[in-house]
Structures are given as structure tokens and as C-alpha cells.
Amino acid sequence: MAVLVGESSTGKTRACWEAVAELPTRWRLWHPFDPSPAQALANEMREGIAARTAIWLNDLSELAALATEPAEVEEAARGAFAVGEATLLKELAERAEADGRAADAARLYGDAIGIFERQRRQREEGVGLIEGPRPPSADAPDRPRRPRAVRTMAVLGLARTPSAGGPARQPARWWELGELAAHITGDAHGLDEGRLAGTLTLKGIAAACGLPGSESSAGRRLLWEQVGVSADMLSGTVIVWKLAPPGPDPWASMMRARGDLGLATHLTMHELRTAAVSAPLAAPQTTVRWCENPQVLQAAARYGLPGVLVCGSGNPSSAGWELLQRLLTDGAHVLYHGDFDWAGITIAERVLRLGAYPWRMSAADYLTALAYLSTDRLAPLAGEPVATPWDPRLEQAMSEKGLAVHEEALLPRLLADLSG
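Residues numbered from 1 in each chain as written. Predicted model: local features only at pLDDT ≥ 70, side-chain atom pairs only at ≥ 80, totals over all residues. Heavy atoms only, no water.

Time to look at the packing of aromatic side chains. Evaluation of the coordinates by the stated rule reveals 1 aromatic pair. Pairing Phe340 with Tyr366 gives two aromatic rings, centres 5.4 Å apart and planes at 55°, and the pair type is tilted. A residue pair is termed long-range when its members are at least 10 positions apart, and Phe340 in the loop between strand E9 (333–336) and helix H14 (342–354) and Tyr366 in helix H15 (residues 363–372) qualify at 26 residues. Given the relative accessible area of 0%, Tyr366 is considered buried. (Phe/Tyr/Trp six-rings, centres within 6.5 Å; stacked < 30°, edge-to-face > 60°. Helix = DSSP H or I, 4+ residues; strand = E, 2+ residues; numbered from the N terminus. Buried < 20%, exposed > 50% of the residue type's maximum accessible area, 1.4 Å probe, protein only.)

Below you can see the structure in the form of C-alpha cells.
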């Protein structure tokens, strides 16, 4: 075991990660994206953690803070160190054998086998953490084996999602928060603000999606929406201009009338799931342009432009994703434009991955914008580069130039597209 010491912000954690990166490929770094890795560690150790696994010891200290039963700390530490020690001894034995050091190999193999045997006996006797049965506590006789936050993350498909390795994938389905809570906990309020399972799940979502946590209600709502959970059917909206559903029903007629009156409309998830639930939102092959920033839609409304435009207001809310999926299902031709910064590229990648097409989002468009915009309308790029699979040259150009181009700076070109 190596212990790193030093002042804060001197690179200790980075050094640890770099050391772990040098492990052989057959080793696994156990660092789950569940918001409570310590409890997930306890769960996995009960099921039998695999050999050749490196365990992040910070998880054990978190377990000490989160565990409801003191024995859980002792068991997790004992199991983690036992498996880790035995596996490393076996690795050292294999290296000694390969180097021709037979005596060292025999001693190391013997030590490793002894530890594995002790763990096997403990499992058979029901002692210790690895696969050992836990008697129910008096205050929770039906305590589930897997923590609620762990099960919530699994249902949302985040158990294996890479941390900060790219934009979050699109959810397979949308849940209402109460519906999800009832499914996981048996209580429609089991994931509400202030409940431990909800708090831990949100931390896991933030980690899995590479986003900061949030203390505000709006921030928590946005985190839920990243993984297809609508915490509020009314607050999150998507703005539409000139969307003219073709059906004869009252809602479609109302939407066409609003377009004729020159009014933009804020659609909620509640509206899309009730009055508009069965109505086609666009005729097949209708061109629907989608922008990131409300100023673009505001300008289109100000000039009364005829083109259909949707604004996601940054990363779309659950209503925005619902509308996008419905438009694509109806056969609309959705074209997307956003900011030329890494956050905007992340949103664009998610939208385009669903089936939309880029709208002036190529490397050529970016370089053209840089050529005619004055420097006071540009800003330095911040953050890590994001892949642009629809045009790999765009990522390269943005990385080389290091400048962001925000959508508002391109209004004349975007509005011209909406005019015809």
C-alpha cells in the first residue's frame, strides 16, 4: 500500500489516478457512479467482488459517514482489504514466477491462497461481508438488499454510464418522478427533495452526466431531466413559433390560431401528455428548425418570419425532449443550431443523435463566423473539447482557434433561413 501525503491541491488525487491507469488491462477500477459508492461497495462485496479489482479507499471513509449500521464499516473495510491484498499477492506471485524466482512465487501464492481460503470459510459460515447474509435490523425488517439509490440508478440505466466522458445518452423512456419513486420505493414521495434516496440519486446523476450538483429546485429538476425523469409537469417548457399541427382536434386548431396571431407558445410536458397526446405535431417532411437560445426565436417572432422554429432554451427540458421525439416520429425534418462552445456542442450532439440534422453547425460555418465577426463578439472557449461526429473537423477547428461563437452573433444568417 502506498500513502501519499501533501498539502491540498498539490496533485495527490491526480497521482493516484495516473498510477491506477498503469494497472494491467485485466484489472478493474471499482468506482461506481452511484451517488453512494460506499454503500454500493458493501452491496457488491456481499455478492462477491471480482479479483483484480482496485478499490478507491475514499469510498470506505464515505461508508463510515453513511452507514446506518456500525458493522457495515468494519465489514466493508475487512472485505475490501482482504480481496485487494489477496489479489495483489497473486499478481506479485505471477510476476515472481515469470522472473524465475520460484521461492518468492511459492511464498506469495501461499499467502494469497490463505486469504482467499479464509474468505471462503467466512462465506460458508455466513461471517463477513462477502456474500454473507445480514440479519434484518429491528427497525427495518424488510430492508432491501440493494440501496434505493442504487436501484434507481439501475432503472435509469446509469449503472454503467461513463463519468464525464461525454454527453449523457438519451433515456429509453420518460418517467414522472412520483411514478419512478413508487416503482423503486413503494412510496410516490420516496425520491422527493429532502429524502436520502433522492439526494443520493441526484448526486449520482450529476457524476454520471459530468455535471455539478445543485442545491436549487430548478437545478435539481434539470438533473432529473438529464436522465428522463420529469420532476415537474408544468415548470419546464419548450417554446415554439409557427408550429401548426395538422389535426382537426381543438388543441391543433388552437395552435394554428396562435401562429396566425403571431404568438409564440410555451409547451409544457402536461400539455404534450394530455391535450396533445394523440395529435400529430407536424405533417410529414415539415421543416422544423431548432435553436438553443430564446433570442433567436424572439427575433423570428418580432419580424413575423414564416419558418417553424423551436427553442430549447439551452439544454432542453423534459418537455423539449418529448417534443423533439414526437416531431421526429411524425416525420418532421428537424434542423438544429446552437452555440459554438463546448456546452453548446454537447447539447447539439444529444439532439443530433436522436435523428435531427445540423443547421449551420459545420466547421466551415464556424470558420466563416470567425472571419466576419469582430473580436468583441467572440469569447474564449472554456472547458474540455467535445466530439462532433457529424463533422469531426469542427472539433479540430474549435480546439485550434480556441474561440466561442454564440448563436446570437449569427442572427442575420439564421433569420434569413427562416424567411423562406
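On to unusual backbone geometry, then. Although it is not a glycine, Lys242 sits at a positive phi angle of roughly 65°. With respect to the helices, strands and loops of the structure, Lys242 is situated in the loop between strand E5 (237–241) and helix H10 (250–260). For Gln285, which is not a glycine, the phi torsion comes out positive at approximately 70°. The topology assignment puts Gln285 in the loop between helix H11 (269–273) and strand E7 (287–291). A relative accessible area of 63% means that Gln285 is categorised as exposed.

What follows is about H15. Every α-helix carries 3.6 residues per turn, so stepping three or four residues along brings you back to the same face. Of all the positions in H15, only Ala363, Tyr366, Ala369 and Leu370 are classed as buried. The buried residues of H15 occupy one face: seen down the axis, they fall within an arc of 130°. Each element contacted by the buried residues of H15 is listed here: helix H16 (392–401) and strand E12 (403–404). (Arc of directions from axis to C-beta. Contact = heavy atoms within 4.5 Å.)

The next subject is the pattern of salt bridges. One pass over the structure, following the stated rule, counts 4 salt bridges. Put simply, Glu349 and Arg353 hold a salt bridge, and the shortest N to O gap is 2.5 Å. Linking Glu349 with Arg353, this pair stays in helix H14, spanning 4 residues, or about one helical turn. A relative accessible area of 14% means that Glu349 is categorised as buried. Residue classification places Arg353 among the partly exposed residues on the basis of a relative accessible area of 38%. The salt bridge partner of Arg393 is Asp391, with a shortest N-O separation of 3.2 Å. On the basis of relative accessible area, Arg393 is assigned to the exposed category, the value being 57%. Residue class for Asp391 comes out buried when judged on its relative accessible area of 7%. (Salt bridge = Lys/Arg side-chain N within 4 Å of Asp/Glu carboxyl O.)

An order of E6-E5-E8-E7-E9-E10 is seen for the 6 strands of this open sheet, with the pairing classed as mixed. This sheet does not close on itself; its edge strands, each paired only once, are strand E6 (265–268) and strand E10 (357–358). Strand direction decides the pairing type here: E7 and strand E8 (residues 308–311), joined by 4 bridges, are parallel. Each bridged residue has a counterpart across the sheet, and for Val288 the counterpart in E8 is Val308. (Pairing = 2+ DSSP bridges.)

With that out of the way, let us pick up the pairing of E7. Along any regular strand the residues' side chains alternate between the sheet's two faces. With 4 of 5 residues buried, E7 is to be regarded as a mostly interior element. Bridge analysis of E7 against E9 gives 4 bridges, and the strand direction is parallel. Within E9, the residue paired with Val288 across the bridge is Val334. In this region the chain leaves E7, passes through helix H12 (residues 294–302) and returns to the parallel neighbour E8; the handedness of that crossover is right-handed. (Right-handed = clockwise from strand over helix to strand, strands pointing away.)

With that out of the way, let us pick up the environment of Leu234. Relative to the helices and strands, Leu234 resides in the loop between strand E4 (229–230) and E5. Sequence separation between Leu234 and Thr268 is 34 residues; the distance between their C-alpha atoms is 5.5 Å. Excluding anything up to four places from it in sequence, Leu234 contacts Thr268 and His270.

Here we come to the confidence of the model for the protein chain. Do not read the predicted coordinates in detail wherever pLDDT is low. Across the protein chain, the average pLDDT comes to 75, with 61% of residues at or above 70. Low pLDDT, under 50, characterises residues 60–77; the predicted model gives this stretch 28 contacts beyond four residues in sequence or across chains. Taken together, the stretch residues 125–146 has pLDDT below 50 and engages in 39 contacts with residues farther than four places along the chain or on a different chain. (pLDDT = per-residue confidence, 0-100.)

Bringing the packing of H15 against H16 into the picture now. The interhelical angle for the contact between H15 and H16, taken along N-to-C directions, is 30°, at an axis separation of 8 Å. With respect to H16, the element H15 is oriented roughly parallel. Here H15 contributes Ala363, Tyr366, Leu367 and Leu370 to the contact with H16, which in turn contributes Arg393, Leu394, Ala397, Met398 and Lys401. For the contact of H15 with H16, the residue count by class is 7 nonpolar, no polar and 2 charged. (Axes fitted to C-alpha atoms, helices over the stretch in contact; angles between N-to-C directions. Parallel < 35°, antiparallel > 145°, perpendicular 65-115°, else oblique. Nonpolar A, V, L, I, M, F, W, Y, C, P; charged D, E, K, R; others polar.)

For the rest of this paragraph, the subject is the packing of helix H13 (residues 318–329) against H14. Between H13 and H14, the shortest axis-to-axis distance is 10 Å and the interhelical angle comes to 35°. H14 is crossed by H13, and the crossing has right-handed handedness. Contacts between H13 and H14 involve Trp321, Leu324, Gln325 and Leu328 from the first element and Arg350, Val351 and Leu354 from the second. Tallied by class, the residues present in the contact of H13 with H14 amount to 5 nonpolar, 1 polar and 1 charged. (Left-handed = near helix turned anticlockwise from the far one by under 90°.)

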